[in-house]
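Each chain, written out:
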Amino acid sequence: MSKSRISIKRDQKPKSTDDFFSNFEDSNEKPEPVLSNDKKAKKYTRQTFLISDDHLEKLKDFVHTKKLREDYNYTQKQALENALDLLFESIDNIEKRPKKDS
């Protein structure tokens, strides 16, 4: 049976937000994988908008079906992003809107 190499962080004072396990570090930690340009972390903004009841129900049914057949981690957020990608691809040149005067 192999032993895990865990050492105590002795050079740091515990913070009030630390729990017992935060005073230990695991030497087997793996570095986070480097993501390609397409997979880099996107910045998300919470936006509230109105949607018809029919579209919302169809969206929920679509995500449910996708989870059953293909990807059980599929979300409504992913479905909306995919739909918006298709919408944006339908127009060759999307012009930037003018900036507001503040």
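Here, every reference points to the structure presented above.
Residues numbered from 1 in each chain as written. Predicted model: local features only at pLDDT ≥ 70, side-chain atom pairs only at ≥ 80, totals over all residues. Heavy atoms only, no water.

*Asks:* Can you help me understand a negative patch on the surface in this one?
*Replies:* Where like charges cluster on the molecular surface, the negative patch consists of D53, D54, E57 and D61. Secondary-structure assignment places D54 in helix 1 (residues 53–69). (Patch = residues over 30% accessible without salt bridge, like charges linked within 9 Å, V, L, I, M, F, W, Y side chains within 5 Å. Areas by Shrake-Rupley, 256 points an atom, 1.4 Å probe, with all protein chains shown as cover. Salt bridge = Lys/Arg side-chain N within 4 Å of Asp/Glu carboxyl O. Lys, Arg positive; Asp, Glu negative; His and termini not counted. Charge placed at Lys NZ, Arg CZ, Asp CG, Glu CD. Helix = DSSP H or I, 4+ residues; strand = E, 2+ residues; numbered from the N terminus.)

*Asks:* Looking at this model, I keep getting lost on a nonpolar patch on the surface. Mind explaining?
*Replies:* Among the surface-exposed residues, L84, L87, F88, I91 and I94 lie close enough to one another that they form a single nonpolar patch of about 480 Å² accessible area. The topology assignment puts L84 in helix 2 (residues 76–89). Under the relative-accessibility criterion, L84 is labelled partly exposed at 40%. (Buried < 20%, exposed > 50% of the residue type's maximum accessible area, 1.4 Å probe, protein only.)

*Asks:* Explain the packing of helix 1 against helix 2 to me, please; I cannot follow it from the model alone.
*Replies:* Two quantities define a packed helix pair, namely the angle between the helix axes and the distance between the axes. Helix 2 packs onto helix 1 with a crossing angle of 105° between their chain directions and a minimal axis gap of 9 Å. Classified by the angle between their axes, helix 1 and helix 2 sit roughly perpendicular to one another. Touching L59, K60, F62 and V63 of helix 1 are Q76, A79 and L80, all from helix 2. Looking at side-chain class alone, the contact of helix 1 with helix 2 contains five nonpolar, one polar and one charged residues. (Axes fitted to C-alpha atoms, helices over the stretch in contact; angles between N-to-C directions. Parallel < 35°, antiparallel > 145°, perpendicular 65-115°, else oblique. Contact = heavy atoms within 4.5 Å. Nonpolar A, V, L, I, M, F, W, Y, C, P; charged D, E, K, R; others polar.)

*Asks:* Quick question: what am I supposed to make of the pattern of salt bridges here?
*Replies:* Between side chains of opposite charge, a pair can form when the charged atoms approach closely. Taken as a whole and assessed by the stated rule, the structure comprises two salt bridges. Taking the shortest distance from any N to any O, the salt bridge between K42 and E81 comes out at 3.7 Å. Of this pair, K42 sits in the loop between strand 2 (24–26) and helix 1 while E81 sits in helix 2, placing them 39 residues apart in sequence. The partner of E70 in a salt bridge is K66, with the nearest N and O atoms 3.2 Å apart. Judged by its relative accessible area of 60%, E70 falls in the exposed class.

*Asks:* Honestly, the packing of aromatic side chains in this entry has me stumped. Any pointers?
*Replies:* Each pair of aromatic rings is reported with the distance of its centres and the angle of its planes. In this structure the tally under the stated criterion is one aromatic pair. Ring geometry for F62 and Y74: centres 6.2 Å apart, planes at 65°, overall edge-to-face. Taken together, the positions of F62 in helix 1 and Y74 in the loop between helix 1 and helix 2 put the pair twelve residues apart, joining distant regions of the chain. Overall, the relative accessible area of 43% leaves F62 in the partly exposed class. Between K66 and the ring centre of Y74, over which it is positioned, the NZ or CZ distance is 5.0 Å. (Phe/Tyr/Trp six-rings, centres within 6.5 Å; stacked < 30°, edge-to-face > 60°. Lys NZ or Arg CZ within 6 Å of the ring centre and 35° of its normal.)

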